[in-house]
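As a plain string of letters, each chain reads:
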Amino acid sequence: FMALSANRDESKSEYFLPSCLDSIKVRFYPEGGTLIPGISSKIGFTAFNKWGLPVDVEGEIINQDGESIAHVRTFDKGLGIFTLLNTGNQKFKFVITGKTGQNQSFNLPDPDPNGLLLSVLKIDPQFISVNLVFADKQKHSIALTMTLGSNLSWAADLDINQGGRIKIPV
């Protein structure tokens with residue numbers, strides 16, 4: 001911030017002067033909560049400056065071998081999304097190449113070999129179509145519930161082999 005005033009008796013104004021050297025905070029939000037090895041996942045991300053204001057950033061997703069595998073950027077102030085396929089148990093980082101936050105890097109979440117991926121495929125007037133994929137590719141018995149406040153709206157007990165598609169009534 002920079003403060004300006006003509007003299008002591010006059011009003012004072014403060015101006016925010018961002019710099020490309022300001023630290024940036026980037027957080028990642030994998031669809032379904034976790035990255036699953038061998039499954040393509042959508043990853044949302046947010047970018048904020050040190051004052052908590054959303055900022056536009058762009059950069060490269062770098063694999064553990066230092067290779068760029070994707071160019072990503074925010075599509076709206078502080079919000080972005082990209083797709084990532086982790087073919088094994090690789091580690092990735094996001095390196096900012098644009099002016100804002102240049103050369104800062106952020107580790108993406110590690111893949112979870114025991115995780116569950118839940119992704120919404122489509123919503124129509126009658127159903128929400130959801131994919132469930134288990135990383136361990138084993139059969140799982142699960143219970144799903146949907147609530148509205150404290151009221152139970154829908155529930156199901158399911159046996160899923162590796163993955164499955166579920167239609168949830170709207």
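Residues numbered from 1 in each chain as written. Predicted model: local features only at pLDDT ≥ 70, side-chain atom pairs only at ≥ 80, totals over all residues. Heavy atoms only, no water.

Colleague: Before we move on, could you go through the overall build of the protein chain and cite the residues and values that matter?
Modeller: When you go through the protein chain residue by residue, the secondary structure sums to zero helices and 14 strands. In the protein chain, the order of α-helices and β-strands from amino to carboxyl end is β-β-β-β-β-β-β-β-β-β-β-β-β-β. In the protein chain, which comprises 170 residues, the share counted as buried stands at 32%. In the protein chain, of all internal contacts separated by at least 6 residues, the share reaching a separation of at least 24 is 50%. Total accessible area on the protein chain stands at roughly 10900 Å², and carbon and sulfur atoms take up 50% of it. (Helix = DSSP H or I, 4+ residues; strand = E, 2+ residues; numbered from the N terminus. Buried < 20%, exposed > 50% of the residue type's maximum accessible area, 1.4 Å probe, protein only. Contact = heavy atoms within 4.5 Å. Areas by Shrake-Rupley, 256 points an atom, 1.4 Å probe, with all protein chains shown as cover.)

Colleague: An account of the nonpolar core is needed here, citing residue identities and associated values.
Modeller: Within the largest apolar cluster, 18 residues are counted, with the highest numbers of intra-cluster contacts made by F28, F82, F94 and L108. Of all elements in the fold, only β3 (24-30), β4 (40-49), β7 (79-85) and β8 (92-96) reach the threshold of two or more residues within this core. Setting aside chain neighbours within four positions, we find L108 in contact with F28, I43, I61, F82, L84, F92, K93 and F94. Ranked by size, the runner-up nonpolar core spans nine residues in total, among them L132, F134, A156 and I168. (Core = buried A, V, L, I, M, F, W, Y, C linked by side-chain atoms within 4.5 Å.)

Colleague: How would you explain the packing of aromatic side chains if you had to name every residue and give the values?
Modeller: For the structure shown, the criterion picks out four aromatic pairs. Aromatic side chains F28 and F45 sit 6.4 Å apart centroid to centroid with 45° between the ring planes, which places their arrangement in the tilted category. Here F28, found in strand β3, pairs with F45, found in strand β4; they are 17 residues apart in sequence, far enough to count as distant. Classification of F28 by relative accessible area gives buried; the value is 12%. Aromatic pair F45 and F94: ring centres 5.7 Å apart, planes at 45°, arrangement tilted. You can see F45 sitting in strand β4 and its partner F94 sitting in strand β8, a full 49 residues away along the chain. Just as F45 is buried, F94 falls in that class too. An aromatic cluster is present here, built from F28, F45, F82 and F94 joined pairwise through their rings. (Phe/Tyr/Trp six-rings, centres within 6.5 Å; stacked < 30°, edge-to-face > 60°.)

Colleague: Explain a nonpolar patch on the surface residue by residue, including any values.
Modeller: A grouping of L118, V120, I123 and V170 is seen on the molecular surface, where their side chains present a nonpolar patch of about 360 Å² in accessible area. Along the chain, I123 turns up in strand β10 (residues 116-123). (Patch = residues over 30% accessible without salt bridge, like charges linked within 9 Å, V, L, I, M, F, W, Y side chains within 5 Å. Salt bridge = Lys/Arg side-chain N within 4 Å of Asp/Glu carboxyl O.)

Colleague: Give a detailed account of the sheet that holds strand β14 (residues 163-169), specifying residues and quantitative values.
Modeller: In spatial order, the strands read β10-β11-β14; together these three strands make up an open sheet with antiparallel pairing. Of all strands in the sheet, those with a lone pairing partner are β10 and β14, marking the two edges. For this sheet, the mean inter-axis angle between neighbouring strands, taken without regard to orientation, is 25°. In terms of strand pairing, strand β11 (residues 127-134) meets β14 through seven bridges, oriented antiparallel. Looking at β14, one finds that F127 is bridged to P169. (Pairing = 2+ DSSP bridges. Axes fitted to C-alpha atoms, helices over the stretch in contact; angles between N-to-C directions.)

Colleague: Explain unusual backbone geometry residue by residue, including any values.
Modeller: Unusually for a residue other than glycine, N103 sits at a positive phi of about 70°. Along the chain, N103 falls in the loop between β8 and β9 (105-107).

Colleague: Could you give me a rundown of the side chain of S41, with the residues and numbers involved?
Modeller: Its location among the elements puts S41 in strand β4. If near-sequence neighbours (up to four positions away) are discounted, S41 is found in contact with L35, I36, F82, T83, L84 and L117.

Colleague: Describe the pairing of β7, with residues and values.
Modeller: Residues G80, F82 and L84 of β7 are buried on one face, while the alternating residues L79, I81, T83 and L85, pointing to the opposite face, are not. Both β4 and β7 contribute to a ladder of seven bridges, which runs antiparallel. For K42, the partnering residue across the bridge sits in β7 and is T83.

Keep in mind these values describe shape, not function.
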